[in-house]
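Survey of secondary and tertiary structure
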Amino acid sequence: IMRNYIPTINISSLLKSDFNTLASKNTIRKIEKACVNVGFFQIVGHGINKEKINNICKIGNKFFNSSEENKNKLAPKKWNKKNKNIYRGYFPNTVNGKEGLDLGDLKIETRHLKKYKSPYIEYLNLRKSFSKSSIKILSNYFDDIFSLSEILFKSIIKLYKKDVRISNQAFSRIKTLSTLRFNYYPNQTKPVEISKQDGVALGCETHVDSGIFTILYQDKKGGLQVQNRKNKKWYDVPFNKNALIVNTGLALEYLSKSKFKATNHRVLWNKTKRMSVPFFFEPS
């Protein structure tokens, strides 16, 4: 398997949100090429330090290893009649073989619900299951990853010679449907599905994402694979402790009139526990 099918791009030149420097323009061209040819790339020089990512993983692991009772305090109405949330919260592994925790914008408070009246904007009281210090770490990470997603989206807008500020209309905090997710793969006793294409056992079915970008941290276990659109072969996304993985979704495919296509990906079945932390950057 080709190790370097998924390009690695240092995006440090974009962090100051000045997209007009020579270094920025070169970086943006690399992002464009990766989006068009592969649909996936790894980013380094993204400004979110390893310690922050480790802390996030610790909080996720601690939550999934806590009691069923503790986890269910955040479960949607379907599993916990006392709760109002429908789209976000804790999902047991009966859904698709993995447990999950979906968090919307952590700045959402109950007062916003009346203001925006969107069924997708939900208030989740994390204090039911998390300590104050954990909530602060989660909230800071949401801020960081949201800003990073905006920078990437603005760099795409720049390709179209448009004003990058239009990003702020589609992605204002509170109103966006962005989600920070923790995927926890328990010791899966059997695969979620066997690939019809190549007979490989999967821990997460083949799919594309729906948003603009997904920015993902995968742990050392790896397992994520990307399909080459031309030859239909599958390539591993190698683990890189300093990198975050970025892929394009259907919303970006739509906005770019199919220039940037959403790409098939899947996770190999793995008999050991693993966790991944994707952030789905979705417009309001």
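In case you missed it, the structure is sitting above this.
Overview of the structure. (Residues numbered from 1 in each chain as written. Predicted model: local features only at pLDDT ≥ 70, side-chain atom pairs only at ≥ 80, totals over all residues. Heavy atoms only, no water.)

**Let's talk about the pairing of strand S11 (residues 244-248)**
Convention followed: For every residue, the accessible area obtained with a 1.4 Å probe (protein chains only) is divided by the maximum for its type, and the residue is called buried under 20%, exposed over 50%, and partly exposed between those limits. In DSSP terms, a helix is any run of H or I states spanning at least four residues, a strand is any run of E spanning at least two, and both are numbered starting from the N terminus. Two strands qualify as a pair provided that DSSP identifies no fewer than 2 bridges between them.
A large share of S11 lies buried, amounting to five of its five residues. Burial along S11 is two-sided: the residues Leu244, Val246 and Thr248 and Ile245 and Asn247 are all buried. As paired strands, strand S2 (residues 40-44) and S11 are joined by four bridges and run antiparallel to one another. For glutamine 42, the partnering residue across the bridge sits in S11 and is isoleucine 245. Bridging between strand S8 (residues 213-218) and S11 involves four bridges; their strand directions are antiparallel. Within S11, the position partnered with phenylalanine 213 by the bridge is threonine 248.

**Here we look at the nonpolar core**
To keep things clear, this is the line we draw: Nonpolar core, defined: a set of buried Ala, Val, Leu, Ile, Met, Phe, Trp, Tyr and Cys residues in which side-chain atoms within 4.5 Å join the residues together. By definition, residues are in contact when any of their heavy atoms lie within 4.5 Å.
Formed by 55 residues in total, the largest nonpolar core has its most connected members in Ile31, Leu101, Phe130, Phe182, Phe213 and Leu244. By residue number, the principal contributor to this core is helix H5 (residues 132-159), which donates twelve residues. Look past the residues within four positions of isoleucine 31 in its chain and what remains in contact with it is Ile9, Ile11, Leu14, Phe41, Leu152, Ser155 and Ile156.

**A closer look at the side chain of glutamine 42**
We apply this condition: Distance and chemistry together define a polar contact, namely a pair of N or O atoms within 3.5 Å, with one atom able to donate a hydrogen and the other to accept it when in protein, and with adjacent residues in sequence counting only for side-chain atoms on both sides.
Note on placement: glutamine 42 falls in strand S2. A relative accessible area of 3% places glutamine 42 in the buried class. Here the side chain of glutamine 42 touches proline 238 through a polar contact of 3.0 Å, landing on its backbone oxygen. Those residues in contact with glutamine 42 that sit more than four places away from it in its chain are Ile6, Pro7, Thr8, Ile9, Val237, Pro238, Asn240, Ala243, Leu244 and Ile245.

**Looking at the pattern of salt bridges**
Under the convention used in this document: By salt bridge we mean one thing: a side-chain nitrogen of Lys or Arg within 4 Å of a carboxyl oxygen of Asp or Glu.
Taken as a whole and judged by the stated rule, the model has ten salt bridges. The partner of aspartate 144 in a salt bridge is lysine 52, and the shortest N-O contact between them spans 2.8 Å. Here aspartate 144 is found in helix H5, whereas its partner lysine 52 is found in helix H2 (residues 50-64), with 92 residues between them in sequence. Measuring nitrogen to oxygen at the nearest pair gives 3.1 Å for the salt bridge that ties glutamate 109 to arginine 111. Via salt bridges that share partners, Asp105, Lys107, Asp143 and Arg173 belong to a single interconnected network.

**Things to note about unusual backbone geometry**
At lysine 161, a residue that is not glycine, the phi angle is positive and equals roughly 55 degrees. For lysine 161, the location among the structural elements is in the loop between H5 and helix H6 (166-170). The phi angle at lysine 257 is positive, at roughly 50 degrees, despite the residue not being glycine. Overall, the relative accessible area of 75% leaves lysine 257 in the exposed class.

**Re the sheet that holds S11**
We apply this condition: With axes taken as lines fitted to C-alpha atoms, and helix axes fitted only over the stretch in contact, angles between N-to-C directions fall between 0 and 180 degrees.
Strand order across the open sheet formed by eight strands is S1-S2-S11-S8-S13-S5-S4-S3, with mixed pairing between neighbours. With one partner strand each, in any of the chains shown, strand S1 (8-10) and strand S3 (89-91) form the two edges of the open sheet. Going across the sheet, the axis of each strand differs from the next one's by a mean of 25 degrees, ignoring polarity. Both S8 and strand S13 (residues 274-281) contribute to a ladder of six bridges, which runs antiparallel. Each residue of the ladder has a partner; that of phenylalanine 213, found in S13, is phenylalanine 281. Helix-sheet contacts for helix H1 (residues 22-37) involve S1, S2, S8 and S11, and the interaxial angle to S1 is about 160 degrees.

**Here we look at the packing of H2 against H5**
What counts, and what does not: Angle categories are assigned with fixed cut-offs, so that under 35 degrees is roughly parallel, over 145 is roughly antiparallel, 65 to 115 is roughly perpendicular, and the rest are oblique. Crossings are assigned a handedness: left-handed for a near helix turned anticlockwise from the far helix by less than a right angle, right-handed for a clockwise turn. Side-chain classes are defined by residue name, with Ala, Val, Leu, Ile, Met, Phe, Trp, Tyr, Cys and Pro counting as nonpolar, Asp, Glu, Lys and Arg as charged, and the others, Gly among them, as polar.
Packing of H2 against H5 leaves a shortest axis separation of 10 Å and a crossing angle of 130 degrees. The orientation of H2 with respect to H5, classified from their angle, is oblique. Here H2 runs over H5; the crossing is left-handed. The residues of H5 that touch H2, namely those facing Lys52, Ile53, Asn55, Ile56 and Ile59, are Ser134, Ile137, Leu138, Tyr141 and Asp144. When its residues are assigned to classes, the contact of H2 with H5 shows six nonpolar, two polar and two charged.

So yeah, pure geometry; function would need other evidence.
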